[in-house]
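Commentary on secondary and tertiary structure
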Amino acid sequence: MNKGRVYLVGAGPGDPKLISVRGMEAIQKADVIVYDRLANPRLLKHRRPEAELIFVGKLPDKHILKQEEINQLLVDLALQGKVVTRLKGGDPSVFGRVGEEAELLADNDVIFDIIPGITSSIAVPAYAGIPVTHRDFTSSFAIITGHEYPNKTYSSLDWEHLAKAIGTMVFLMGVANLEQICRELIRCGKPPEMPVALVRWGTWADQETITGTLADITEKVRSANFKSPAVIIVGEVVKLREKLAWIEKKPLFGRRVLVTRARSQASELVDLIDDMGGEAVEFPVIRLQPPSRPEAIQALDLALDKLHEFDWVLLTSVNGVEYFFRRLREKGIDVRKMRNARIAAVGPKTAEALAERGIIADVLPAKFHGDGILEAIQADLKAGQKVLLPTADLARDYLPDKLKELGLEVTEVDVYENVLTTDDGDEIIHLLQNQSIHIITFTSSSTVTNLLVALRQLGVEDPLSLLQGVEIACIGPKTAETASQCGLPVTYMAEEATVASLVQSISQHK
C-alpha cells in the first residue's frame, strides 16, 4: 500500500480568516483531519464531505490523547495511505510540538509538510491594540513558554537575561504561573509598575483583555476569575492599548451571530458580520436543491418548453435565477426563447445575477420589499398577459394571488426546493447551551421553522427554552411575523430585503 502524507498546519490564533491559503488547501484535500480545541471549528466546514474528523483534545487539565499517542496516530494514518491534516492552533513551530510529530514521521519515512500559521504571540496582542514592537518603546520582543515540563526541578529560563535584555515579553500558556512570572521579573530588576496585559481567547468573539502592572496583575486576574487560554504581554507597549484597541470599537465586537441561511448564499452575510467585528457561525438549516417531486419537475419543464409564450418572467431571488438557468442548460433550451418577455428582478442582487448571464432586467423596483416588484410592473400589465414566476417550493402565495386578481394568467413553477439539514448541529447546541450565541439571523420564514424542527430532530425537547435570551434578527416583516408566531420575540427587523440592511439594523442597536 502506498504511504499517505501528513500536513502539519498552523490554524492561526482563532479567527478563521487568519489561516494561510496553503493551510486551507491542506484542509480541503485531507482524508483525515486531526485537530484540537484551539483550531476554530469553522475551518472544518471547508473539508471534503467524506473526510474523517479526529478530535485530540488538549485541554489545560486533560488531554484526550497524550502527545506521544498523537504522534503515533499521524504515522498510523499515513501508513494506511491517507492524506492527513494535523490542524493546530497558532503556529505549529511555536510551542506547538510540531518537531516531535515531524520527527516520528521522518523516522517512519512518511512525507510531511510543515505549513506555518499566524502565531498567537503576535496576533492576539495586535487584536487587543498592542503591537509587540514600537519605535518609541522597544525594537525587540521574546516569545516565552509560560510553563515547562511538570517534572522539571529547575527552570531553564534565564530570568535575569529576560528582565534586562528583552523589550516586550510575550508568555504563552502561562496563566497558571502568572504569579511566579511576575515575581521572577521583579526579582531580576523589572520595575513593579511595568505594564502587563492578559488577552483571553484573542481574535475570537470571546476575546477579553485585562491590564495592570507586575505588582497588581495577579490579584486582578484572580479577582476577575480570568482563565486560560490567554496570552501575557509584559512591556511598555501595553500602554498603547487604550489608543489602539481597534476591534473593540467595532459595533458587533464580542457578539457571536448564528447564520441560518443556506451555505450557498450565506457568504455575504458572514462577511458583513465579520467586517462589523462579530463572529459569524453558520448553521444552514436549509439546503437548496433542484425539485425532486416528479410533478414539480414536469410542471417546470412544461413551462420552459413554452417559454416563448410568456409576456413576463418575474425573478424573485438570486437562487431563482441560478436554478432557472441551470434547468435551461440541462434541457438545452436557448435563452433567446424569452425574447418576447419582459424580465423583472425583485432587487439589485437578483438583477446582478441576471446581468452575469447577459440579461439586463427590464424592471427593477425602487423598493426591495413587500409589494415592490408588483408596484414596479403594475402600470405595464395588461389583463390576459401570461406571467412566469419561477420560485422556491415554499414560496408564499401572495404575489401570484395579487397577479391573478389583476387578470393575469400566472404560471408558478418550483425551480428549487428547500431541504432541512442538521449538519454540525451538535456544535450549535453546545454553543447555545453555553449561552455563546448572542444573535440568530433569519432571512426567510423557512429558516425560522427549519431551525426549530432541526433542533427537535437533534434531541432538543424544548427549542424555545434553549433559545431564550438570544436576540432574533429578521429580514422583512413576513419573516418577523413567522418568528413571533413561533414564540421567538424579534429584536431587530430589516425593512429592506437585503443582508446589508439586516446587519446595519443589528449594529445600530448594540
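Residues numbered from 1 in each chain as written. Predicted model: local features only at pLDDT ≥ 70, side-chain atom pairs only at ≥ 80, totals over all residues. Heavy atoms only, no water.

The protein goes by uroporphyrinogen-III C-methyltransferase in an unreviewed UniProt entry, where it is assigned to Paenibacillus alginolyticus.

Overview of the sheet that holds strand E8 (residues 195–200)
For clarity, the threshold we go by: Here the rule is simple: two strands pair whenever DSSP picks up at least two bridges between them. Under the scheme used here, helices are H or I runs from DSSP no shorter than 4 residues and strands are E runs no shorter than 2 residues, and both carry numbers assigned from the N terminus. Here an axis means a line fitted to C-alpha atoms, over the contact stretch when the element is a helix, while the angle between two N-to-C directions is reported on a 0 to 180 degree scale. Whether two residues are in contact is decided by their heavy atoms, any of which lying within 4.5 Å being enough.
One open sheet accounts for 5 strands, arranged E6-E7-E10-E8-E9; its pairing is mixed. The open sheet terminates on both sides in strands that have one partner only, identified here as strand E6 (141–145) and strand E9 (208–213). Put simply, the sheet's adjacent strands are angled 20° from each other on average, direction ignored. The pairing of E6 with strand E7 (residues 168–172) spans 5 bridges and is parallel. Across the sheet, residue Ala 142 finds its bridge partner in E7, namely Met 169. Strands E6, E7, E8 and strand E10 (230–234) of the sheet are contacted by helix H4 (residues 120–127), whose axis makes an angle of about 80° with E10.

Section: the nonpolar core
As a reminder of what qualifies: What makes a nonpolar core is a set of buried Ala, Val, Leu, Ile, Met, Phe, Trp, Tyr and Cys residues whose side-chain atoms join them at distances within 4.5 Å. Relative accessibility decides the category of a residue: with a 1.4 Å probe and only protein chains considered, values under 20% of the type maximum give buried, values over 50% give exposed, and everything between is partly exposed.
Counting residues in each nonpolar core, the largest one holds 54 residues, and the members touching the most others are Phe 324 and Ile 440. Here Ile 440 is in contact with Leu 258, Thr 260, Leu 451, Leu 467, Val 470, Glu 471, Ile 472 and Ala 473, once residues within four sequence places are set aside. In this structure, Trp 159, Ile 166, Met 194 and Ile 217 belong to the second largest nonpolar core, which totals 25 residues.

Let's talk about the packing of helix H11 (residues 318–331) against helix H12 (residues 348–355)
Which entries qualify depends on this criterion: For classification purposes, an angle smaller than 35 degrees is called roughly parallel, one larger than 145 roughly antiparallel, one from 65 to 115 roughly perpendicular, and anything else oblique. Less than a right angle of anticlockwise turn of the near helix away from the far helix marks a crossing as left-handed, whereas a clockwise turn marks it as right-handed.
H12 packs onto H11 with a crossing angle of 25° between their chain directions and a minimal axis gap of 8 Å. In terms of axis orientation, H11 runs roughly parallel to H12. Crossing hand, H11 versus H12: right-handed. Note on element contacts: H12 touches H11 through Lys 349, Thr 350, Ala 353 and Leu 354, opposite Val 318, Val 321 and Phe 325.

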